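Observations on the three-dimensional arrangement
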Amino acid sequence: GDLVPIDEQVLVVDGASRPLDWLQVARLDEGAVVPTRPSGGAEPVLDQVTTLRDALSALLEANAAYGVVVDRSGATIGLLGIGEVASVFRPVGASG
């Protein structure tokens, strides 16, 4: 499929869809081969039962805008952005 960059990066996964790392789009040349073991990591990795509060904490601790959500086998099933998590929390005293 097509690559859909997020903040000028794409998520690199292995053959089992497990997250490996984020790769800068600028490093991708026409027809270039993506490294099989990019340096760094795709942290934070969140599982399906991670609470929103824990997800927000993990994102802030990793200084990351997005976390990779994985299933029980560790395969990537989606991304969770700090904006989506933070929007759920309301200031004390807010109505709604």
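Residues numbered from 1 in each chain as written. Predicted model: local features only at pLDDT ≥ 70, side-chain atom pairs only at ≥ 80, totals over all residues. Heavy atoms only, no water.

Quick look at the overall build of the protein chain
Scanning the protein chain from N- to C-terminus turns up two helices and five strands. Going from N to C terminus, the protein chain has its helices and strands arranged as β-β-β-α-β-β-α. For the protein chain, with 96 residues in total, the buried portion stands at 24%. In the protein chain, 31% of the contacts between residues at least 6 apart in sequence involve partners at least 24 apart. Element-wise, carbon and sulfur atoms account for 50% of the exposed surface of the protein chain, whose accessible area totals about 6,700 Å². (Helix = DSSP H or I, 4+ residues; strand = E, 2+ residues; numbered from the N terminus. Buried < 20%, exposed > 50% of the residue type's maximum accessible area, 1.4 Å probe, protein only. Contact = heavy atoms within 4.5 Å. Areas by Shrake-Rupley, 256 points an atom, 1.4 Å probe, with all protein chains shown as cover.)

A closer look at unusual backbone geometry
Here the residue pair Glu-43 and Pro-44 is connected by a cis peptide bond, since its omega of 0° sits within 30 degrees of zero. Tracing the backbone through its elements, the reader meets Pro-44 in the loop between strand E2 (19-24) and strand E3 (45-47). Although it is not a glycine, Asp-7 sits at a positive phi angle of roughly 50°. With respect to the helices and strands, the residue Asp-7 is situated in the segment before strand E1 (9-13). A positive phi angle is found at Ser-17, which is not glycine, with a value near 65°. Within the secondary structure, Ser-17 is located in the loop between E1 and E2.

Quick look at the pattern of salt bridges
In the structure shown here, the tally under the stated rule is one salt bridge. Arg-18 is the partner of Asp-14 in a salt bridge, and the nearest nitrogen-oxygen pair spans 2.8 Å. (Salt bridge = Lys/Arg side-chain N within 4 Å of Asp/Glu carboxyl O.)

Everything listed is a geometric property; what it means functionally is a separate question.
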